[in-house]
Amino acid sequence: MVTESRSLIEQAAQQLAPLQRVIALTGAGISAESGVATFRGAGGLWEGQPIEEVATPQAFTRQPARVWDFYHQRRKKLQSIQPNAGHQALAEMETLFPGWALITQNVDRLHQLAGSRLVIELHGDIWTVRCTGCGQYFDRTGEELPPLPTCDRCKALLRPNVVWFGEILPSDALAAAEMATQACQAMLIIGTSSVVQPAASMAYWAKSRGALIIECNIEETSLTSDADFFLSGPAGTTLPQLVEVLRKIRN
Ligand code: BJW
Ligand code: ZN
């Protein structure tokens, strides 16, 4: 099994090495080895807590304290969490491919902490807050917030600057992701269950334009049968191996 996946990594690296416009799309699985819970499956963030109770604007209007509590807990946990070898391998890939872009569904900022510079955040970020009254954004990185934080300017309730179900994605991030996806020669899809739209469609946008599709996950998803390579295993293992082989081929 190890030999088989190692040789698949080598084959994938051989195909990636001559390319320039290589991009990646990440999901919660890339941060799992740092200790961040994923959303779905056993031990997921929403296990025992219905999705609609925390991840919709309606839920926030109905029960802002409950929704804020969910985000307060995650913000607190993230303060002591570090990027892992998977994040670091992706930061290294930015130096290997001139047309690199990293699209993430994650709100944890761990890619930036690992050194990635070009990060497109599709679902916002957990450290910024937004005023429900005047729309102003405030950077509240690492801060402990009151249970129901309010705006310094207009006193209205603040909300996490994340994208909930039924909400439109930030237009600049979506446009950048669309552009990168349509121009890329290869796309790595890492640690996502590929069920949430529009992110789940991006691999298909790339594939329809002839891009090589490489999926990295610990389990198969609905994308797997359409991927050119499925690199099975924790991203913190497969991605550093991929980078190592790429470096050898390039040198
Ligand atoms: C490992 C690993 C290791 C574990 N190594 N791998 C078209 C059709 C049907 C519905 C829709 C549609 N278009 C839009 C919708 C509605 C909706 C949607 O997609 N619904 C589906 C669920 C059916 N989408 C939206 O509402 C989006 N808005 C939108 O499209 O606006 C326009 C519109 C609106 C309404 C109708 C039509 C158009 C917004 C989506 C916002 C998602 N927000 C969340 C919360 C963000 C804030 C927060 O963090 O709290 O984003 S939900 C949650 O899911 C979060 C994630 O970013 C997202 C994706 O989850 P992800 O990352 O894939 O995590 P998991 O847990 O699902 O998977 C982890 C994976 O990792 C697994 O595969 C593991 O195996 C793997 N793994 N360890 C490698 N070590
Ligand atoms: Zn305000």
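All residue numbers here refer to positions counted from 1 along the written sequence of the relevant chain. Each chain takes a letter, starting from A, and each ligand takes a number, starting from 1, following the order in which they are written. Thresholds applied to this predicted model are a pLDDT of at least 70 for local features of residues and 80 or more for the giving and counting of side-chain atom pairs; totals over whole chains, interfaces and linings are not thresholded and use all residues. Calculated side-chain values reflect all of the structure's heavy atoms, with hydrogen atoms and water omitted.

Regarding the coordination of the zinc ion (ligand 2)
Then step 1. Within the protein, the zinc ion (ligand 2) binds to C131 (SG), C134 (SG), C151 (SG) and C154 (SG); these donor distances fall in the range 2.3 to 2.4 Å.
Then step 2. Metal-coordinating donors are taken as N, O and S atoms lying within 2.8 Å of the metal, or within 3.2 Å when the metal is Na, K or Ca; because water is left out, some sites can appear incomplete. All geometry calls rest on donor angles, where a four-donor set with angles between 85 and 135 degrees is tetrahedral, four- and six-donor sets with opposite donors more than 155 degrees apart and all others between 65 and 115 are square planar and octahedral, and all else is irregular. What the four donor atoms of the zinc ion (ligand 2) show is an angle range of 96 to 119° at the metal, which sorts the shape as tetrahedral.
Then step 3. Every donor residue of the zinc ion (ligand 2) comes from the same chain, spaced as C-x2-C-x16-C-x2-C. Taken as a pair, C131 in strand β4 (residues 124-131) and C154 in the loop between β5 (137-139) and β6 (158-162) lie far apart in primary sequence, 23 residues in all. Helix numbering and strand numbering both begin at the N terminus, where a helix is a DSSP run of H or I of at least 4 residues and a strand a DSSP run of E of at least 2.

A closer look at the domain arrangement of the protein
Then step 1. Looking at the assigned domains, one finds that the protein contains domain 1 (1-36 + 82-123 + 169-251) and domain 2 (37-80 + 124-162).
Then step 2. Taking only C-alpha atoms, the centre of domain 1 and the centre of domain 2 are 27 Å apart.
Then step 3. Only heavy atoms matter for contacts: two residues are in contact if any of them lie within 4.5 Å across the pair. Facing 16 residues of domain 1, the contacting portion of domain 2 comprises 14 residues.
Then step 4. A quick way to say it: buried area is the sum, across both parts, of accessible area lost when two parts are put together, with a 1.4 Å probe. For the pairing of domain 1 and domain 2, the buried interface totals around 1100 Å² over both sides, and the portion due to carbon and sulfur atoms is 55%.
Then step 5. Considering only the side of domain 1, the residues that lose the most area to domain 2 are V36, V107 and R109, jointly responsible for 40% of the buried surface there.
Then step 6. Residues R109 and D125 are paired through a salt bridge, measuring 3.3 Å at the closest nitrogen-oxygen approach.
Then step 7. Each polar contact in these results corresponds to two N or O atoms within 3.5 Å; when the atoms are within protein, one needs to be able to donate a hydrogen and the other to accept it, and residues that are neighboring in sequence are counted only if both atoms are side-chain atoms. Where domain 1 meets domain 2, there are three residue pairs in polar contact (both at pLDDT 80 or more). Throughout the structure description, domain borders are defined by an automatic or database domain assignment. One side-chain nitrogen of Lys or Arg within 4 Å of one carboxyl oxygen of Asp or Glu is enough to make a salt bridge.

Observations concerning the pairing of strand β7 (residues 186-190)
Then step 1. Buried residues dominate β7, accounting for five of its five residues.
Then step 2. Of the two faces of β7, the one carrying A186, L188 and I190 and the one carrying M187 and I189 are both buried.
Then step 3. Each pair of strands is called paired provided DSSP finds at least two bridges between the two strands. One ladder, built from five bridges, connects strand β1 (residues 22-26) with β7; its direction is parallel. In the sheet register, T26 faces β7, and the bridge partner there is I190. Any residue under 20% of the maximum accessible area for its type is buried, any over 50% is exposed, and the rest in between are partly exposed; the area is computed with a 1.4 Å probe on protein chains only.

Topic: the pattern of salt bridges
Opposite charge on two side chains permits pairing when their charged atoms draw close.
Then step 1. Going through the model one piece at a time under the given rule, you end up with eight salt bridges.
Then step 2. One connected set of salt bridges, linked through shared partners, spans R109, E121 and D125.

Let's talk about the site of ligand 1
Then step 1. The criterion for a residue being near a molecule or strand is simple. One of its heavy atoms has to lie within 4 Å of it. In the region of ligand 1, 34 residues are neighbours, and Y71, T192, S193, Q197 and N217 sit closest.
Then step 2. A distance of 2.8 Å is found between a nitrogen atom of ligand 1 and a side-chain nitrogen or oxygen belonging to E33.
Then step 3. At 2.7 Å, a side-chain N or O of R40 approaches an oxygen atom of ligand 1.
Then step 4. Surface exposure here means Shrake-Rupley accessible area, sampled with a 1.4 Å probe, where a residue is shielded only by the protein chains that are shown. When ligand 1 sits alone it has 1500 Å² of accessible area, and the protein chains cover 76% of it.
Then step 5. Listed by contribution, the elements that provide at least two residues to the shell around ligand 1 are α2 (29-32) and α5 (64-78).
Then step 6. Note that Gly is not counted as nonpolar here; it falls among the polar residues with everything else outside the nonpolar set of Ala, Val, Leu, Ile, Met, Phe, Trp, Tyr, Cys and Pro and the charged set of Asp, Glu, Lys and Arg. Broken down by class, the residue content of the shell around ligand 1 amounts to 18 nonpolar, 11 polar and five charged.
Then step 7. Taken domain by domain, the shell around ligand 1 gets at least three of its residues from each of domain 1 (1-36 + 82-123 + 169-251) and domain 2 (37-80 + 124-162).

As for the packing of aromatic side chains
Then step 1. Put simply, two rings from Phe, Tyr or Trp (the six-membered ring, in Trp's case) pair if the centres are within 6.5 Å, and we call them stacked under 30 degrees between planes, edge-to-face over 60, tilted for the rest. The tally for this structure, following the rule as stated, stands at four aromatic pairs.
Then step 2. Ring centres of F60 and W164 lie 5.3 Å apart, and the angle between their planes is 40°; on these two criteria the pair is classed as tilted. Of this pair, F60 sits in helix α4 (residues 57-62) while W164 sits in the loop between β6 and α8 (171-183); the two residues are 104 residues apart in sequence, bridging distant segments of the chain.
Then step 3. Given a relative accessible area of 6%, F60 falls into the buried group.
Then step 4. Residue class for W164 comes out buried when judged on its relative accessible area of 3%.
Then step 5. Look at F97 and W100: their rings are 6.3 Å apart centre to centre, the planes differ by 20°, and that puts the pair in the stacked class. Accessibility classification places F97 together with W100 in one group, the buried group.
Then step 6. An aromatic cluster of three or more residues is present, and its members are F60, F70, Y71 and W164.

Details of the environment of P64
Then step 1. By the element assignment, P64 lies in helix α5.
Then step 2. Along the primary structure P64 and L148 are separated by 84 residues, whereas in three dimensions their C-alpha atoms are 7.4 Å apart.
Then step 3. Among all residues touching P64, those that are not within four sequence positions of it are A59, L148 and L157.

Focus: the packing of α8 against helix α9 (residues 199-208)
Then step 1. Lines are fitted to the C-alpha atoms to define the axes, a helix being fitted only along its stretch in contact, and any angle between axes, read from their N-to-C directions, falls within 0 to 180 degrees. α9 packs onto α8 with a crossing angle of 35° between their chain directions and a minimal axis gap of 9 Å. Of the residues in α9, those touching α8 at L174, A177, E178 and T181 are M202, W205 and A206.
Then step 2. Classifying every residue of the contact of α8 with α9 by side-chain character gives five nonpolar, one polar and one charged.

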